[in-house]
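Survey of secondary and tertiary structure
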Amino acid sequence: MYNLLTDQIIRFETAYGLERGSLPDVYAALMRDDVESFPAMRAHQEPAWHMFLAQLGAIAAHRGGLTAPPEDAETWRTLIGNLTRKEFPNDEPWRLIVVDWSKPAFLQSPVPGDVALKNEARTPDALDMLITSRNHDVKQEISTLAELDDWIFALVSLQTMEGYGGPKNYGIARMNGGSSSRVMMGLTAMTKRRGQKVLRPGQRLKRDALQLKTRRDELLNETPIPYPKYGGTALIWTLPWHDNDQISLSDLDICFIEICRRVRLQRNGCMLMARTGNSCVERIKAKHLKGCVGDPWSPLHRIENKSLTIGDEGTFDYTRVVNLLLSGDWSIPLLAQLGQSESNYTTSWVLHFAAIARGNSKTGGFRSRALPLKGRIARGLLAQRPQLHELANKQIQEIKKIDTALRNALALATAGGDREKVDENSRLKTRPYRERFDTVADRLFFPALWARFEAQQTGTLKDAEQARRDFLLPLIDAARDLLEEGIADVPCASIRRPRAAARAQRTFEGRVRSDKHGFPALFANDQSQFSGNSDAA
């Protein structure tokens, strides 16, 4: 019932409108770069769907003896079907509903007779990552008119991305503990469409599936886990799931597609519903590895031997990205590095980051970032990492100087211009403006970093100084604008406001121009009234 290999149950948008297709049809459309989007997909489900397709595509191509993923639907249908058809000739692992629970269904393991599935999820959003759904301002169980692909995307999201959900609800092996998250960090080539550079889901999948296939030995050699070179279990849901039964990583294919929860879909009148159950232990025995299981998208800490965690307040801001990409403390995952066949590409690239920000039984929602990289930067990133890191740290310190000037000036304005009344409470009131300043800095940070690095490498000292000015002057102007807004907004007696405004402006300008705390070279030819002043709050 509802066979993903043959039935047209997945909706996707093309340039010609909405289409429906089977899973092989979707692969073929993506390989042709025809897919614009999947209308049933939520933002937080997109990384899970991409990684699922890339892993499955690489597994199918490897087992089928192909050098690259195919481009036609029939070949995909044969390759994917052959992964399971010897044991399941009726394609049960690819059907959404299989009445006989002793056999698998799509991302649903067989249910032994002594296992009960006591809970119900009547809509896909109730089955999906529940805490995440709430953080997307989507109340539970509202998808009452859900179609089949809504259930497909919910299953993929739950089974390949979920963390700890309370007693006997364990998360996936590819994360550092149940309160962590599975991070996707990978490169995507920019494609020209109608004269503009754009990101295409098909190009992205084609690249990742090909790299997983061709760099399989490299991935195997980079992980200390003794994955078998051939013949490991790739599709975890095809195995029965008994209580206290755990799977060893050494029995799995390195690109294995996992499941973490007991789920079975069934009919509920003319609709679908899910029955779910708990488990006594994690499905895969990997808790001690802290997510270091060979995930080709996951950054790993070199010293602490753990995969990246994005806390519930975490983001991919410029400080985190600098740490991941340039500090050397983190290993850059395989799919975030150019392969040998890509090293001569002149195209521009985008480095993608995505994860669910997760804490202890809560999440901060979906976090993502797309970082454009010129071809030369992408090719030389690893070799030039120390120099880039030094320059990035310099930019971070420059941002801190301007931020401190803004904080001190706004705190003084909050105190009515009276320096004796500036305290911690005054500084706390500056936080909203400083957060907005940091957003501006985040937007400017990496374009400026690449420009300054290129100027240092290929230009003159004058070029390097101009690139520095092009970064700092807009930041200082943005801080000035926020200071003016803050001065107007902060509560202050009208009789003291002129003094507060004057002293706050003088404090800011004096600090950013001072020798010790600022950037005197930027204002060397400035004859304004603020030159040479450095008041502090």
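Below or above, wherever it landed, is the structure these notes cover. Computed from a predicted model, the values in this text were never measured in an experiment.

1. Topic: the pattern of salt bridges
Under the defined criterion, the tally for this structure stands at 38 salt bridges. Here the salt bridges do not stand alone but share partners, grouping Arg11, Arg20, Glu147, Asp149 and Asp150 into one network.

2. A closer look at the packing of helix H9 (residues 318-326) against helix H11 (residues 385-414)
At a minimum axis separation of 10 Å, H9 and H11 run at an interaxial angle of 165 degrees. Considered as vectors, H9 and H11 are oriented roughly antiparallel to each other. For the crossing formed where H9 meets H11, the hand is left-handed. Facing Tyr318, Thr319, Val322, Leu325 and Leu326 of H9, the residues of H11 in contact are Arg385, Leu388, His389, Ala392, Ile396 and Ile399. Its residues assigned to classes, the contact of H9 with H11 comprises eight nonpolar, two polar and one charged.

3. As for the sheet that holds strand E10 (residues 271-277)
To summarise the sheet geometry, strands pair through backbone hydrogen bonds and adopt either a parallel or an antiparallel arrangement. Strand order in the open sheet formed by three strands is E3-E10-E9, with antiparallel pairing between adjacent strands. One side of each edge strand has no neighbouring strand; the edge strands of this open sheet are strand E3 (119-121) and strand E9 (262-268). Each adjacent strand pair in this sheet contributes to an overall mean axis angle of 30 degrees, direction not counted. Sheet analysis places E9 next to E10, joined by seven bridges and oriented antiparallel. Its bridge partner being in E10, Arg262 is matched across the sheet by Gly277. Sitting on the sheet, helix H6 (residues 148-161) is in contact with E3, E9 and E10, with an inclination near 170 degrees to E9.

4. Comments concerning the pairing of E10
Judged by how many residues are buried, E10 sits mostly within the fold: six of seven residues are covered. Here three bridges tie E3 to E10, and the two strands are oriented antiparallel to one another. What sits directly across from Glu120, in E10, is Arg275. Counted between consecutive antiparallel strands, the loop separating E9 from E10 contains two residues, among which Gly269 sits at a positive phi close to 70 degrees.

About the thresholds
- Residues numbered from 1 in each chain as written.
- Predicted model: local features only at pLDDT ≥ 70, side-chain atom pairs only at ≥ 80, totals over all residues.
- Heavy atoms only, no water.
- Salt bridge = Lys/Arg side-chain N within 4 Å of Asp/Glu carboxyl O.
- Axes fitted to C-alpha atoms, helices over the stretch in contact; angles between N-to-C directions.
- Helix = DSSP H or I, 4+ residues; strand = E, 2+ residues; numbered from the N terminus.
- Parallel < 35°, antiparallel > 145°, perpendicular 65-115°, else oblique.
- Left-handed = near helix turned anticlockwise from the far one by under 90°.
- Contact = heavy atoms within 4.5 Å.
- Nonpolar A, V, L, I, M, F, W, Y, C, P; charged D, E, K, R; others polar.
- Pairing = 2+ DSSP bridges.
- Buried < 20%, exposed > 50% of the residue type's maximum accessible area, 1.4 Å probe, protein only.

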